[in-house]
Amino acid sequence: MARQATRSVEELDEYLGLVRAAGLDAPWSRPGPLIESKKTRVQPCVWRWAEIEPLLERSADFVAPGQGTERRILRLANPGVPERTSTHTLSVAVQYLLPGEVAPAHRHSPNALRFMLRGQGAYTTVDGDKCLMKPGDLVLTPTPMLHDHGNEGNEPVIWFDGLDSPIVRYLEALTQQRHPEDRQDIGQVVGASERRFRAAGLRPATAAAAARPGRLIHYRWQAAHAALEQLAEVESDPFDDVILEYVDPATGRSIFPTMACYIQMIRPGVHTRAHRQTSSAVYHVVRGAGSTVIDGVRHEWREGDFFAIPPLARHEHANEETEPAILFSLQDVPLLTALGLYREEE
Ligand SMILES: [Fe+2]
Ligand SMILES: [Fe+2]
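Sequence order sets the numbering: in each chain, residues are counted from 1 along the sequence as written. Chain A is the first chain written and ligand 1 is the first ligand written, with later ones labelled in order. Local features are withheld for residues below a pLDDT of 70 in this predicted model, meaning they are given only at 70 or higher, and side-chain atom pairs are given and counted only at 80 or more; totals for whole chains, interfaces and linings count all residues. Each side-chain value is worked out from all heavy atoms of the structure, with water and hydrogens disregarded.

*Asks:* Please clarify how the layout of surface pockets should be interpreted in this entry.
*Replies:* Over the atoms rolls a probe the size of a water molecule, and in doing so it shows where empty space is left. Think of a 1 Å grid over the protein atoms and nothing else: a 1.4 Å probe that fits but is trapped marks a cavity, an open set flanked by protein within 12 Å on at least five of seven lines marks a pocket, and residues with an atom within 4 Å of a point count as lining. Grid points are joined across faces, edges and corners, and a volume is the space filled by probe spheres set on the points. Within this model, the largest pocket holds a volume of roughly 770 Å³. Taken together, 23 residues form the lining of the largest pocket, with K38, H88, T89, I167 and Y170 sitting closest to its centre. Helix and strand definitions here come from DSSP, where helices need a minimum of 4 consecutive H or I residues and strands a minimum of 2 consecutive E residues; each element is numbered from the N-terminal end. Elements with a contribution of two residues or more to the lining of the largest pocket: α3 (165–170) and α7 (333–338). The dominant element in the lining of the largest pocket, judged by the number of residues it contributes, is α3, at four residues.

*Asks:* Can you help me understand the coordination of the iron ion (ligand 1) in this one?
*Replies:* Protein ligation of the iron ion (ligand 1) involves H106 (NE2), H108 (NE2) and H147 (NE2), the donor distances falling in the range 2.1 to 2.2 Å. As a motif over one chain, the donors of the iron ion (ligand 1) read H-x1-H-x38-H. The two residues H106 and H108 agree in class, both being buried. Any N, O or S atom lying within 2.8 Å of the metal counts as a donor, and for Na, K and Ca the limit rises to 3.2 Å; water is left out, so some sites can look incomplete. The rule is simple: take the accessible area with a 1.4 Å probe, protein chains only, and divide by the maximum for that residue type; under 20% is buried, over 50% is exposed, in between is partly exposed.

*Asks:* Please clarify how helix α6 (residues 221–232) should be interpreted in this entry.
*Replies:* Spacing of three or four residues puts side chains on the same side of an α-helix, whose turn is 3.6 residues. Any helix carries an expected span of 1.5 Å times its number of residues minus one. With twelve residues, α6 ought to run about 16 Å at 1.5 Å a step, and its terminal C-alpha atoms sit 16 Å apart, in line with that. Taken residue by residue, α6 has W221, A224, H225, L228 and L231 as its buried positions. End-on, the buried residues of α6 take up no more than an arc of 125 degrees, which puts them together on one face. Exposed residues pointing more than 90 degrees away from the buried face of α6 are listed as Q222 and Q230. The directions considered for the arc are those from the helix axis to the C-beta atoms.

All we've got here are geometric facts, nothing functional implied.
Structure representation (C-alpha cells):
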C-alpha cells in the first residue's frame, strides 16, 4: 500500500530547513515539474548596416587596437540575451581596422571565424599561415591556433568575427592568452592551407600531411560563389533555396563541432516554405535584398544587414527583387546534433 504524506505544514517547514542546511534541495516542495523547461530568451532581431557602418567608423575616435583594447569591434547584441551576445550560443562582432593597424597575436579556447566585408589589404595569420582576405572570404581560427590580423592596404577594412564563446563560457572553459609578439612568424609560403586543399574531393596524400594533418582555414568567396551558382543549376531546397555548407575538406565535417557556416542564394521570386529548428542562427546579407518572416513578423533586409533567428522560431525567406539575394549564416546545428537535440519541423 502506498504511504500517505500526513505531516503538518510546520513539520514540513522544519524538515525543509534541515534539507537546506544539508545543502540539498527538495524540488517536489514547489509547484510545477521537477525539471523545469525554459523558454528561449533569444529574440528575432535585425541589425542594419546603415547604422553599423557609421558607428564603426566613429569608434576609431575612441579606441585603437593595442592601446588598451585588443580589438576595435561592435558586437551584435541580442536584446533578450543577458550576456549581450548575438544568440545564446553565437557571438558575432563587426571589426574595423585602419591602414597600418595590427590586431595583436593571441590564442583562445573559443573557435572563431571571420567573414571579410569591406576593403583590400587585410590579412589573418593562423599558426604562421598568412591568409590575404578579400571581401566574401571566410577564414577560420580553430581553437587553440595562434592568430593575428593586420591591414596592409591604404583604406579601412571591415570584417565580422563569429565565435562559439557563449558555449565555451557556459562550460567554464574560456581561456585567452596574448602572444609575446604582436605578430607571429610567417611561413615561407603565403596561403599554405589553401594550397594544400585546393580542390574539392582532393586532399594531400603526402607523408608530411599524414604527420601534420592540418586543415583548410581559408575559404575563398570566388570558389563559394561559383559553387553556389552551379548548385542552382542542379537543385534547391524548399526551406533554404540554394544552399551550401562550408566543410572541412579532409573530413567532410562541419567547420567546427559547435558552429556550421552556410552560403545560400534566395533566387528572385522565390518564397521558401516555413520551418523551425532547435538550432539558432545569425545571418549576414552578402548581396541583394529580401525579407524573412520570423514567428509571424516580417523583417526586411538588404546588403550588409544581419539578422538572428532564435531556436524553434518558425521562419521563411523571400526575395521579391530581380537580383539573387545571397546570405551567409552561422548556426549552432553541429552542437545540437552532437547532443542528439537537433530537430527540424515544417
Ligand atoms: Fe581571436
Ligand atoms: Fe532554417
